[in-house]
Amino acid sequence: MQVAMPRMDFLINSSSGVVVTAAELDRERVAEYQLRVVASDSGTPTKSSTSTLTIRVLDVNDETPTFFPAVYNISVSEDVPREFRVVWLNCTDNDVGLNAELSYFITGGNVDGKFSVGYRDAIVRTVVSLDRETTAAYTLVLEAIDNGPVGKRRTGTATVFVTILDVNDNRPIFLQSSYEASVPEDIPEGHSIVQLKATDADEGEFGRVWYRILQGNHGNNFRIHISNGLLMRGPRPLDRERNSSHVLIVEAYNHDLGPMRSSVRV
C-alpha cells in the first residue's frame, strides 16, 4: 500500500537552523503549522532536543466574493408593500477580517429605482410600489465588494431576475366615451346594432372583460354579447311610433362583485 507523503511546505537549513518556505502558502487551506524541530550534536552518543515551531499564515486578499447561487429567479406580486423583502442573497468570501467584509450594491437593471439592497445584509427590498403594467420584469445586477486594501479589492456578481405578478388593479376602459347608432325599426332579432369595446391593462383572467346592460332596456328590446360587447336587437321588436329612441347604460366588468368596472352611454 502506498502512503501519501506529507506536504513539504517548509525546509530547515541543517547547519544554520534557518527555516524557509518550500511551497506557496495558502491560508485558506492551512492557516497554522506546528513544526517539530530537532537539534542534534555530532558527539558519541548523539545528544538531541526538540522544540515546536508555530507558524501562523497571515491573510492577504486573494479570495473573490462568491454568490451561491449566482442567478436568482424571483416572482413578486405587484401589490407588495414598500420595504418588502424580495430575496436574501448568499455570498461568501474565504478571506478573513476586512478582506472578507462585504458591501453590496445594485449596479444594473434598477432603471426606475424600485429596488434596494442592504449595504451589509444583502437583502433586496422594494423601495416604492410596483406596477406590472408599467414594468413586468427586472434583471438586477448585484455586486459584492470586499473591504480589502484600496486598489486590491475584489468583486463578485450575481443576477436577480424579478418577475412581477399581476393583481386585478385596473378596470376595463371603453374605447369611446359614448356610442350612438341608428337602426330601422324592423330589424330582426339578433341583428347587430353597434360594437362596444373595452380593454383592461391586466393580464389573464384579470384582464378578461365581460359586458352587460345595466339600465334602459326596460322593454327587453336589446341584448349584448357577454364576452365580445356586440349590442344586438333583443327578443322584443322595436316600435318607432311607441319609442323612437333608447338610452342604454352598458357596463364592462371583470367580476360580478369586484370593483373593477366602468360604464358607457349608448
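Calculation rules
- Residues numbered from 1 in each chain as written.
- Predicted model: local features only at pLDDT ≥ 70, side-chain atom pairs only at ≥ 80, totals over all residues.
- Heavy atoms only, no water.
- UniProt positions renumbered as here; feature names shortened; annotations may be inferred.
- Pairing = 2+ DSSP bridges.
- Helix = DSSP H or I, 4+ residues; strand = E, 2+ residues; numbered from the N terminus.
- Axes fitted to C-alpha atoms, helices over the stretch in contact; angles between N-to-C directions.
- Contact = heavy atoms within 4.5 Å.
- Phe/Tyr/Trp six-rings, centres within 6.5 Å; stacked < 30°, edge-to-face > 60°.
- Buried < 20%, exposed > 50% of the residue type's maximum accessible area, 1.4 Å probe, protein only.
- Lys NZ or Arg CZ within 6 Å of the ring centre and 35° of its normal.
- Polar contact = N/O pair within 3.5 Å; in protein donor to acceptor, adjacent residues only side chain to side chain.
- Core = buried A, V, L, I, M, F, W, Y, C linked by side-chain atoms within 4.5 Å.

The name given to the chain in an unreviewed UniProt entry is Cadherin domain-containing protein, with the source organism recorded as Gulo gulo. Regarding the chain, the UniProt comment filed under Subcellular location (unreviewed entry) reads as follows: "Membrane".

Next up on the list: the sheet that holds strand β10 (residues 115-117). The pairing of strands in a sheet happens through backbone hydrogen bonds and is either parallel or antiparallel. Pairing within the open sheet is antiparallel, and its 3 strands lie in the order β7-β11-β10. The open sheet has two edge strands with one neighbour each: β7 (85-88) and β10. Within this sheet the neighbouring strands show an average axis-to-axis angle of 20°, counted without direction.

Moving on, we get to the sheet that holds strand β9 (residues 102-108). Here 4 strands make up an open sheet; going across it, the order is β6-β13-β12-β9 and the pairing mixed. The open sheet is flanked by β6 (71-77) and β9, the only strands paired with a single partner. Within the sheet, the average angular offset between the axes of one strand and its neighbour, ignoring direction, is 30°. When strand β12 (residues 137-146) meets strand β13 (residues 155-165), the two strands line up antiparallel, connected through 9 bridges. Along β13, the bridge assignment pairs Glu143 with Thr157.

With that out of the way, let us pick up the UniProt feature "domain: Cadherin" (unreviewed entry) in the chain. Under the present numbering, the feature "domain: Cadherin" (unreviewed entry) in UniProt falls on residues 10-67, 68-174 and 175-263. The distance separating the terminal C-alpha atoms of residues 10-67 is 34 Å; by composition the span is 0% helix and 45% strand. Between the end C-alpha atoms of residues 175-263 there is a gap of 11 Å, over a span that is 0% helix and 30% strand.

Relative to the elements of secondary structure, Val117 occurs in strand β10. A C-alpha to C-alpha distance of 25 Å links Val117 and Asp62, two positions 55 residues apart in sequence. In this structure, Val117 is in contact with Tyr104, Phe105, Ile106, Ala122, Ile123, Val124 and Leu142, ignoring residues within four places of it in sequence.

Moving on: the packing of aromatic side chains. As enumerated under the stated definition, the model contains 6 aromatic pairs in all. Aromatic side chains Phe115 and Tyr138 sit 5.0 Å apart centroid to centroid with 80° between the ring planes, which places their arrangement in the edge-to-face category. Here Phe115 is found in strand β10, whereas its partner Tyr138 is found in strand β12, with 23 residues between them in sequence. As far as the burial class goes, Phe115 and Tyr138 line up, both buried. Between the aromatic rings of Phe174 and Tyr179, the centroid separation amounts to 6.3 Å while the plane-to-plane angle is 70°, which identifies the pairing as edge-to-face. Since its relative accessible area comes to 7%, Tyr179 is described here as buried. Three or more aromatic residues joined by ring pairs form one cluster here, namely Phe174, Tyr179 and Tyr211. Between Arg212 and the ring centre of Tyr253, over which it is positioned, the NZ or CZ distance is 3.9 Å.

Attention now goes to the side chain of Thr126. As for its position among the elements, Thr126 is in strand β11 (residues 123-126). Among the polar contacts made by the side chain of Thr126, one reaches the main-chain amide nitrogen of Phe84 at a distance of 2.9 Å. With residues near it in sequence (within four places) discarded, Thr126 still touches Val80, Pro81, Arg82, Glu83, Phe84, Val86, Lys114 and Phe115.

Across soluble globular proteins, you tend to see nonpolar side chains buried next to one another. If you look at the biggest cluster of nonpolar residues, it comprises 24 residues, and the most contacted ones within it are Leu89, Val124 and Val160. Once residues within four sequence positions are removed from consideration, Val160 is found in contact with Tyr72, Ile74, Val87, Leu89, Tyr138, Thr139, Leu140 and Leu142. Listed in part, the 18 residues of the second largest apolar core include Phe222, Leu248, Val250 and Ala252.

With that settled, consider unusual backbone geometry. Cis geometry is adopted by the peptide bond preceding Pro45, which originates at Thr44 and carries an omega value of -5°. When you line up the elements, Pro45 lands in the loop between β3 (32-40) and β4 (48-56). Between Phe68 and the following residue, Pro69, the backbone shows a cis peptide bond with an omega angle of 0°. Along the chain, the position of Pro69 falls in the loop between β5 (66-67) and β6. Backbone geometry at Ala122 places phi at a positive 60°, although glycine is not the residue there. Positionally, Ala122 belongs in the loop between β10 and β11. Its relative accessible area of 1% is what places Ala122 among the buried residues. One non-glycine residue with positive phi stands out, namely Asn220, at about 60°. Looking at where Asn220 falls in the secondary structure, it is placed in the loop between β17 (210-215) and β18 (222-224). When its relative accessible area of 40% is taken as the criterion, Asn220 is described as partly exposed.

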